[in-house]
Amino acid sequence: MKIDADELLRGAVAAGDVPGVAAALTTPEGTVYEAAYGVRTQSLAAAMSQDTVMWIASMTKPLVGAAAMQLVEQGRIGLDEPAAKILPELGNVRVLEGWEANGQPRTRPPKGAITLRRLLTHTAGFTYDTWNADMARFHRTLNLPRTASGRNIALRLPLSFDPGQRWEYGINIDWAGKMIEAVSGMRLGEYLKRNLTGPLGMESTAFKITPGMRSRIAKVHQRGDDGGFTVSAFEVPQDPEFEPGGGGLYSTASDYQRFMRMILNGGKGNGKQVLRRETVELMSRNAMGELRVTLLPSQNNLLSCDAEFFAGTPKSWGLSFMINEETAPTGRSAGSLAWAGLANTYFWIDSQKKVAGLLMTQVLPFVDPRSLALFTAYEKSVYAALA
């Protein structure tokens, strides 16, 4: 298999589309392409590489989903049992129904239970203020921090709809992380290290940035109106009240390939079976019935543009992955798994064609047109080479 995207990636850096980029492609057997161009941080000389440490934001979610499914395998969490059995506070969550005349939120009890399945498929009712107007208003009204703050109060949100009613992206997997902690008796990062990232050899993947990781870290860059970048001071808090399972991990392109390869290999990676094959197959199927993924309309243009992958292509959700139900315009096979991180990190896993690819940069807003165009072009180059 001959993949050559060097000219594409090098050109994107030269054109100012991204300050730096790392890309890779793996099969079940191992890496078949990897490249990195540009710099970790604008105006600094350190080059981007496969071991550059980046904030992977919501690419955290599939790792936490896999960890939760380990506990499902062991019978310690029921996929369709009320999550309140493990986290009683989830039994007290209410639905945001509207607003009182004085501007305060009006809520009611939910019709239906929050379950792990609904958390992993984003059908539990929790949403993000970045893409939901009512939740953005709720955050402003109560002056709440976001979940990336690692503060427990950031999770004290109402639902935007009754559990199981529809799909909408939200803080669901932060709560799944809390379930893992409650059942295992460990901090989420420690559980991952012992049971997933450690066994897979993902030594530069963690919530806590070690000195070795910090020596290789890339900064997040904010795209300005002029198309240029400013370096952001953003960093996930390093001493949080809780470790955000929805988006708090740092990782590298080299490490994340190990996770993708494990999925391609039916739960086995680095010589260790971390998930049963049938569990990976379950995670890789539509887990929300007739519900479908919809456009996420931005409520904060600094953090995200309007977000939807492959508009017009029906998309469902597995147990922590987006699934395109038809062949994607890039050539990605129907039934492939994918997702992304807020700072424009992207991956996909195509089990039919036995390839998994990623492209990682550190740019805001999410789905920044130039960053997304680079990822799309990269993916098309992969499938053109496979044809």
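Look a little higher up for the structure.
Quick summary incoming for the structure in this document. Here the structure is a predicted model, which means the values were calculated and not measured.

Definitions and limits used
Position numbers for residues start from 1 in each chain and track the written sequence from start to end. It should be noted that, the model being predicted, local features are given only for residues of pLDDT at least 70 and side-chain atom pairs only at 80 or more, the latter also being counted only at that level, while totals for whole chains, interfaces and linings use all residues. The basis for every side-chain value is the complete set of non-hydrogen atoms in the structure, without hydrogens or water. By definition here, a salt bridge exists when the distance from a side-chain nitrogen of Lys or Arg to a carboxyl oxygen of Asp or Glu is within 4 Å. Secondary structure counts use DSSP, requiring at least four H or I residues in a row for a helix and at least two E residues in a row for a strand, with both numbered from the N terminus. An axis is simply a line fitted to the C-alpha atoms; with a helix, the fit covers only the stretch in contact. Between two such axes, the angle follows the N-to-C directions and lies from 0 to 180 degrees. Relative orientations are named as follows: roughly parallel for angles under 35 degrees, roughly antiparallel for angles over 145 degrees, roughly perpendicular for angles from 65 to 115 degrees, and oblique for any other angle. Whether two residues are in contact is decided by their heavy atoms: any pair within 4.5 Å suffices. Each residue gets one label: Ala, Val, Leu, Ile, Met, Phe, Trp, Tyr, Cys and Pro are nonpolar, Asp, Glu, Lys and Arg are charged, and the others, such as Gly, are polar. When two rings of Phe, Tyr or Trp (its six-membered ring) have centres within 6.5 Å they constitute a pair, described as stacked for plane angles under 30 degrees, edge-to-face for angles over 60, and tilted for the intermediate range. Throughout, exposure labels follow a simple rule: accessible area from a 1.4 Å probe, protein chains only, divided by the maximum for the residue type, with under 20% read as buried, over 50% as exposed, and the rest as partly exposed. Placement of a positive charge over a ring is assigned whenever Lys NZ or Arg CZ falls within 6 Å of the ring centre and within 35 degrees of the normal to the ring plane. Strand pairing is assigned whenever DSSP identifies at least 2 bridges connecting the two strands. Only protein atoms enter the calculation, which uses a 1 Å grid: trapped sets of points that fit a 1.4 Å probe without letting it out are cavities, open sets showing protein on both sides within 12 Å along at least five of seven lines are pockets, and any residue with an atom within 4 Å of a point is a lining residue. Grid points are joined across faces, edges and corners, and a volume is the space filled by probe spheres set on the points. Helix span is expected to be 1.5 Å times the residue number reduced by one. Directions pointing from the helix axis toward each C-beta atom define the arc.

### Considerations on the pattern of salt bridges
Phase 1: Per the counting criterion, the structure on display carries 12 salt bridges.
Phase 2: In this structure, Arg117 and Asp80 form a salt bridge, with 2.6 Å as the shortest nitrogen-oxygen distance. Placement of the pair is Arg117 in helix α3 (residues 116-120) and Asp80 in the loop between α2 (60-73) and β4 (95-99), with a sequence separation of 37 residues.
Phase 3: Of the charged contacts, one joins Glu168 and Arg166 as a salt bridge, the two residues approaching to 3.0 Å between their closest N and O atoms.

### Re the packing of helix α1 (residues 6-14) against helix α10 (residues 369-386)
Phase 1: Remark: α1 packs on α10, axes separated minimally by 10 Å, with the N-to-C direction vectors making an angle of 170°. Regarding the angle of α1 to α10, the classification is roughly antiparallel. The residues of α10 that touch α1, namely those facing Leu8, Leu9 and Ala12, are Leu374, Ala377 and Tyr378.
Phase 2: Here the residues of the contact of α1 with α10 sort into 6 nonpolar, no polar and no charged.

### Topic: the packing of aromatic side chains
Phase 1: Throughout the structure, instances matching the rule amount to 22 aromatic pairs.
Phase 2: Relative to Tyr383, the ring of Trp348 lies with its centre 6.1 Å away and its plane at 35°, an arrangement referred to as tilted. Of this pair, Trp348 sits in strand β14 (residues 345-350) while Tyr383 is found in helix α10, placing the two residues 35 residues apart along the sequence. Judged on exposure class, the residue Trp348 and its partner Tyr383 are both buried.
Phase 3: Sitting above the plane of the Trp99 ring, Arg137 keeps its charged end 4.1 Å from the centroid.

### As for the pairing of β4
Phase 1: A large share of β4 lies buried, amounting to 4 of its 5 residues.
Phase 2: Inspection of the sheet shows β4 paired to strand β5 (residues 105-108) by 4 bridges, in the antiparallel sense. Within the sheet, the bridge partner assigned to Leu96 lies in β5 and is Thr107.
Phase 3: Connecting the antiparallel pair β4 and β5 is a turn made up of 5 residues, with Gly103 showing a positive phi of about 90°.

### Observations concerning the layout of surface pockets
Phase 1: Approximately 510 Å³ is the volume attributed to the largest pocket.
Phase 2: What lines the largest pocket is a set of 31 residues, and nearest its centre among them are Trp55, Arg146, Ala148, Leu303 and Leu342.
Phase 3: The element that contributes the greatest number of residues to the lining of the largest pocket is strand β13 (residues 337-341), accounting for 3 residues.
Phase 4: Taken as a whole, the second largest pocket holds about 280 Å³ of empty space.
Phase 5: Lining the second largest pocket are 16 residues, and of these Gly189, Lys193, Thr197, Thr205 and Ala206 sit closest to its centre.
Phase 6: Here the lining of the second largest pocket gets 5 residues from one element, more than from any other, and that element is helix α6 (residues 188-197).
Phase 7: Looking at the lining of the second largest pocket residue by residue, the classes come out as 6 nonpolar, 5 polar and 5 charged.

### Concerning unusual backbone geometry
Phase 1: Residue Pro365 follows Leu364 across a cis peptide bond; omega there is 5°.
Phase 2: The topology assignment puts Pro365 in the loop between β16 (363-364) and α10.
Phase 3: For His122, which is not a glycine, the phi torsion comes out positive at approximately 60°.
Phase 4: With respect to the element layout, His122 can be found in the loop between α3 and α4 (133-142).
Phase 5: The buried category is assigned to His122, whose relative accessible area is 0%.
Phase 6: Even without being glycine, Phe310 reaches a positive phi, approximately 55°.
Phase 7: Classification of Phe310 as buried rests on a relative accessible area of 15%.

### A few points about the sheet that holds β16
Phase 1: An order of β7-β6-β16 is seen for the 3 strands of this open sheet, with the pairing classed as mixed. The open sheet has two edge strands, β7 (229-231) and β16, and neither has a second partner.
Phase 2: Judged from the 2 bridges that link them, strand β6 (residues 221-223) and β16 form a sheet pairing that is parallel. Bridged to Gln222 within β16 is Leu364.

### So, the sheet that holds strand β1 (residues 20-26)
Each strand in a sheet pairs with another by means of backbone hydrogen bonds, the pair being arranged parallel or else antiparallel.
Phase 1: Read across the open sheet, the 7 strands follow the order β2-β1-β15-β14-β13-β12-β11; overall the sheet is antiparallel. On the outer flanks of this sheet lie β2 (31-38) and β11 (315-317), each paired with one strand and no other. On average, each strand axis in the sheet is inclined to that of its neighbour by 15°, with strand direction left out of account.
Phase 2: With 5 bridges connecting them, β13 and β14 associate as antiparallel partners. Residue pairing across strands places Ala338 opposite Trp348, the latter belonging to β14.
Phase 3: Of the strands in this sheet, β1, β2, β14 and β15 (355-360) touch α10, which is tilted by about 25° from β14.

### A look at α10
Phase 1: The terminal C-alpha atoms of α10, which comprises 18 residues, lie 26 Å apart, in line with the 26 Å expected from a rise of 1.5 Å per residue.
Phase 2: Those residues of α10 that sit buried are Ser371, Leu374, Phe375, Tyr378, Glu379, Val382 and Tyr383. The buried residues of α10 occupy an angular sector of 165° when the element is viewed end-on, so they sit on one face. Seen from the open side of α10, the exposed residues pointing more than 90 degrees away from its buried face are Pro369 and Ala384.

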